Amino acid sequence: MRSLLLILSCLIALPAMATEANIESIRSHAADVLRNTPIDAVTPSPIPGLFEVKSGRNIFYTDADGSHFVIGAHIIDSVAKKDLTRARLEELNRVEWSVLPLDKAIVSGDKNGKLKLAVFTDPECPYCRKFEKELAKVKGVKVYSFLYPLSFHKHAKRWSTAIWCSKDRQKMMTDIMVNNADPAAGTCDTPIDEIAALGKKLGITGTPTLISGDGRLSPGGKDAPQLKAWLQEASAGTH
C-alpha cells in the first residue's frame, strides 16, 4: 500500500495535459510492456497527471508518458465517499436492456416495482446463494434472474435445468439455493445455452453479476441496503 501511495504521489506531480503525444506514448509503452493487453482508449483520470487506460471491460492507470502502470487500484473520492473507479467501470460496461431476453428469465420480487434488476446467477455458487437471501429482504424491486451455471460447479447445470423445468421456478430456485434441496434434472427445453452465449458476449465471467435498470453492470453481490441504494442511483440520476 505504501508503495502504491508513493507511485500515486509521484504521478500527481506530473502535468495533466492530454496531448496526442501523451496518448501515443501511453499506447506504445502499454503495447510493449503488456503485450497481450488490448488498449481501447486513453483519457485523463480525475487525478491530475494520471491517465485512465481502458482495456476490454477493465481500466488501469498510468503516468503521462506510459512508463509506469498502476493496475488493480481504485480512485476514491474521500469527500463524496465514492469509489470513482467502480462508477467508471459501471459506466463503461453499461448493458442495453434490449439485449436481455426477459422471457428467458425467472421473474420475482415486486412485480410492480419501479426499480429493475437483472441477475446472472449460478444455483451452486455460494456467493449467489448468499445474495439470494439478501434479495428476499429488498422491497420495490422487480428481479429478472438468468440461469448461468458455471462449468466448474458439478451440480450447477443439473440444478439450473431442474429450476427451469419446474412448475414453480422461483420456488425451486429458493429450495435449491436457500434450503439446500438437491433435485434431479428436469426434462424440458431450456434457455441455458442461449443465456451462456449472451453472458460470454457481455464478458460475464463470474456470478452473481448484476445489471441495474439503467444498464450498469456490477460483478459480485451486495447486501440489501447496498443493493437498494445502488439501484436507486438510476432514478436519482447519479450514475
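For the structure, see preceding data.
First, a word on what this report is: a plain description of the structure on this page.

Section: the overall build of the protein
Per the secondary structure count, the protein includes eight helices and eleven strands. The burial tally for the protein puts 44% of its 239 residues in the buried class. For the protein, the accessible area works out to roughly 12900 Å², and carbon and sulfur atoms hold 55% of it.

Re the side chain of Thr161
Secondary-structure assignment places Thr161 in helix H5 (residues 156-165). Since its relative accessible area comes to 14%, Thr161 is described here as buried. With residues up to four places along the chain from it excluded, the contact list for Thr161 reads Ala185, Gly186, Thr190 and Ile192.

Notes on the layout of surface pockets
Of the volumes computed, that of the largest pocket is approximately 420 Å³. In terms of lining residues, the largest pocket is bounded by 21 residues, among which Arg57, Asn58, Leu89, Asn93 and Pro219 are the most central. Of all the secondary structure elements, the ones that give two or more residues to the lining of the largest pocket are strand S3 (58-62), helix H3 (84-92) and strand S11 (217-219). With four residues, the single largest contributor to the lining of the largest pocket is H3. A per-class count over the lining of the largest pocket returns seven nonpolar, ten polar and four charged. Taken as a whole, the second largest pocket spans an internal volume of roughly 190 Å³. Considering the residues around the second largest pocket, the lining is formed by Ser108, Gly109, Asp110, Glu132, Leu135, Ala136, Val138, Val141, Val143, Gln170, Thr174 and Val178. Taken together, the elements giving at least two residues each to the lining of the second largest pocket come down to strand S7 (106-109), helix H4 (126-135), strand S9 (141-147) and helix H6 (169-177).

Digging into empty space enclosed by the protein
Enumeration according to the criterion identifies two cavities of 30 Å³ or more in this entry. Put simply, the second largest cavity is a space of about 40 Å³. Together, Lys104, Ala105, Ile106, Ser145, Phe146, Leu147, Trp164, Pro191, Ile192 and Ile195 line the second largest cavity. Element by element, the count of residues in the lining of the second largest cavity is highest for S9, at three residues.

So, the nonpolar core
In this structure, Leu100, Phe120, Phe146, Leu202 and Ile211 are the most contacted members of the largest nonpolar core, which totals 16 residues. At the level of secondary structure, the elements contributing two or more residues to this core comprise strand S8 (115-121), S9 and helix H7 (192-202). For this core, the element with the highest residue contribution is H7, accounting for three residues. Excluding its chain neighbours within four sequence positions, the residues that come into contact with Ile211 are Val95, Trp97, Leu100, Lys116, Leu117, Ala118, Phe120, Arg216, Leu217 and Trp230.

Cut-offs applied
- Residues numbered from 1 in each chain as written.
- Predicted model: local features only at pLDDT ≥ 70, side-chain atom pairs only at ≥ 80, totals over all residues.
- Heavy atoms only, no water.
- Helix = DSSP H or I, 4+ residues; strand = E, 2+ residues; numbered from the N terminus.
- Buried < 20%, exposed > 50% of the residue type's maximum accessible area, 1.4 Å probe, protein only.
- Areas by Shrake-Rupley, 256 points an atom, 1.4 Å probe, with all protein chains shown as cover.
- Contact = heavy atoms within 4.5 Å.
- 1 Å grid on protein atoms, 1.4 Å probe; cavity = no way out; pocket = protein on both sides within 12 Å on 5 of 7 lines; lining within 4 Å.
- Points joined across faces, edges and corners; volume = space filled by probe spheres on them.
- Nonpolar A, V, L, I, M, F, W, Y, C, P; charged D, E, K, R; others polar.
- Core = buried A, V, L, I, M, F, W, Y, C linked by side-chain atoms within 4.5 Å.

Worth remembering: the numbers are spatial, not functional.
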